[in-house]
Amino acid sequence: MSILPSRFIYVCLHFLALYFQIQESQQSSADFRFYIVNHTRNPDELSRKQIRIYQLYSRTTGKHVQILGKKVNANGDDGGKYALLVVETETFGSHIRIRGKESGHYICMNKNGKVIGKLNGGSEECVFVEEFLENNYTALVSAKYKGWYLGFNRKGRPKKGSRTTQTQQEVHFMKRHPKGKVDPLEEFRFTTVTKRTRRARRIKPNPHVN
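Please read all numbers here as calculations on a predicted model, not as lab measurements.

If you tally the helices and strands in the protein, you get two helices and 10 strands. Secondary structure elements in the protein, listed N-terminal to C-terminal, are α-β-β-β-β-β-β-β-β-β-β-α. Per-residue burial for the protein yields a buried fraction of 37% across its 210 residues. Contacts spanning at least 24 positions in sequence make up 49% of the contacts within the protein whose residues lie at least 6 apart. Carbon and sulfur atoms make up 54% of the accessible area of the protein, which amounts to about 14000 Å² in all.

Most of strand E3 (residues 72–76) sits inside the fold, with four of its five residues counted as buried. The sheet contact formed by strand E2 (residues 64–67) and E3 spans three bridges and is antiparallel. Bridge pairing in E3 links Gln66 to Asn73. Connecting the antiparallel pair E2 and E3 is a turn made up of four residues, with Gly69 showing a positive phi of about 145°.

Quick look at the side chain of Ser142 now. Residue placement: Ser142 occurs in strand E9 (residues 138–142). Reaching out from Ser142, the side chain makes a polar contact with the backbone nitrogen of Lys144 at a distance of 3.2 Å. In contact with Ser142, not counting residues within four places along its chain, are Met109, Val127, Phe128 and Trp148.

Turning our attention to the nonpolar core. Leu56, Val65, Ile98, Ile107 and Leu150 are the most contacted members of the largest nonpolar core, which has 18 residues in total. Excluding residues within four positions of it along the chain, Leu150 makes contact with Ile107, Met109, Val115, Phe128, Leu140, Glu170, Val171 and Phe173. Tyr137, Ala143, Tyr149 and Met174 belong to the second largest nonpolar core, which has 11 residues in total.

This model, assessed by the stated rule, comprises two aromatic pairs. Between Phe152 and Phe173, the ring centres sit 6.1 Å apart and the planes meet at 85°, which makes this aromatic pair edge-to-face. Here Phe152, found in the loop between E9 and strand E10 (173–176), pairs with Phe173, found in strand E10; they are 21 residues apart in sequence, far enough to count as distant. Overall, the relative accessible area of 0% leaves Phe152 in the buried class.

What follows covers the pattern of salt bridges. Pairing of side chains with opposite charge becomes possible as their charged atoms draw close. Scanning all chains against the criterion turns up five salt bridges. With a closest N to O distance of 3.7 Å, Arg176 and Asp78 form a salt bridge. Here the residue Arg176 occupies a position in strand E10, and Asp78 occupies one in the loop between E3 and strand E4 (85–90), the gap between them amounting to 98 residues. Look at Arg176 and you get buried, because its relative accessible area is 8%. Since its relative accessible area comes to 29%, Asp78 is described here as partly exposed. Note that Lys118 and Glu125 form a salt bridge whose closest N and O atoms lie 3.3 Å from each other.

The subject of this paragraph is the state of the cysteines. Counting across every chain of the model gives one disulfide. The disulfide partner of Cys108 is Cys126, and the S-S distance across this bridge is 2.0 Å. On the sign convention where negative means left-handed, the S-S torsion of about 95° between Cys108 and Cys126 marks this disulfide as right-handed. You can see Cys108 sitting in strand E6 (residues 106–109) and its partner Cys126 sitting in the loop between strand E7 (115–118) and strand E8 (128–132), a full 18 residues away along the chain. Taking relative accessible area as the criterion, Cys108 reaches 0% and is therefore assigned buried.

With that out of the way, let us pick up a nonpolar patch on the surface. Together, Phe8, Ile9, Leu13 and Leu16 line one region of the surface with nonpolar side chains, adding up to about 430 Å² of accessible area. Tracing the sequence through the fold places Phe8 in helix H1 (residues 3–41).

Turning to the confidence of the model for the protein, a few remarks are in order. Here the protein averages 79 in pLDDT, and 64% of its residues register 70 or above. In this model, residues 43–48 is a region of pLDDT below 50 whose contacts with residues beyond four sequence positions or in other chains number 10 contacts. Contacts of residues 184–192 to residues separated by more than four positions or lying in other chains number 16 contacts, the stretch itself having pLDDT below 50.

Rules and cut-offs
- Residues numbered from 1 in each chain as written.
- Predicted model: local features only at pLDDT ≥ 70, side-chain atom pairs only at ≥ 80, totals over all residues.
- Heavy atoms only, no water.
- Helix = DSSP H or I, 4+ residues; strand = E, 2+ residues; numbered from the N terminus.
- Buried < 20%, exposed > 50% of the residue type's maximum accessible area, 1.4 Å probe, protein only.
- Contact = heavy atoms within 4.5 Å.
- Areas by Shrake-Rupley, 256 points an atom, 1.4 Å probe, with all protein chains shown as cover.
- Pairing = 2+ DSSP bridges.
- Polar contact = N/O pair within 3.5 Å; in protein donor to acceptor, adjacent residues only side chain to side chain.
- Core = buried A, V, L, I, M, F, W, Y, C linked by side-chain atoms within 4.5 Å.
- Phe/Tyr/Trp six-rings, centres within 6.5 Å; stacked < 30°, edge-to-face > 60°.
- Salt bridge = Lys/Arg side-chain N within 4 Å of Asp/Glu carboxyl O.
- Disulfide = S-S within 2.5 Å.
- Patch = residues over 30% accessible without salt bridge, like charges linked within 9 Å, V, L, I, M, F, W, Y side chains within 5 Å.
- pLDDT = per-residue confidence, 0-100.

Take a look at the structure:
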């Protein structure tokens, strides 16, 4: 008669131990999710992965993105002081903030899809996510407004985010060093674009030439 209570106690203890293991696992997962959300939304200086200075070459205009203050366009010259961008890369994912080295303003996109420069870049409207494309270009999509890209028309004027898609040339950029400045230790792969290479892209191959 004493065997049955012993088995019953053993089974109860087994299920009790299993219950506490499940609770502990759920708590750990919840804490980790909170950690990620907290550090993504409220990054501090320690969570910044790295800061780089480079230019963004626009595929549409053949020039560079420049931040003049509240106004942002893609008509900057290679090496121009307003075309030098301080890019702050955060720890989680490819989230970046882009600040003009000369103007001190950040590139931001408001709820209407308008691209503007702001002195305070702490808002999520000033965070973009890098998307590396198969054609070696980079696209920058708003972290807050999904599917809205940073883009410029042929005159260098910003396009509304709501009118952009990843396949448009207007949202394609290349990271470039300022003219005459090359750092071999940089991790980014920079592409040099000249008038000759742009002309070569427009020339269609002759199918009759072997």
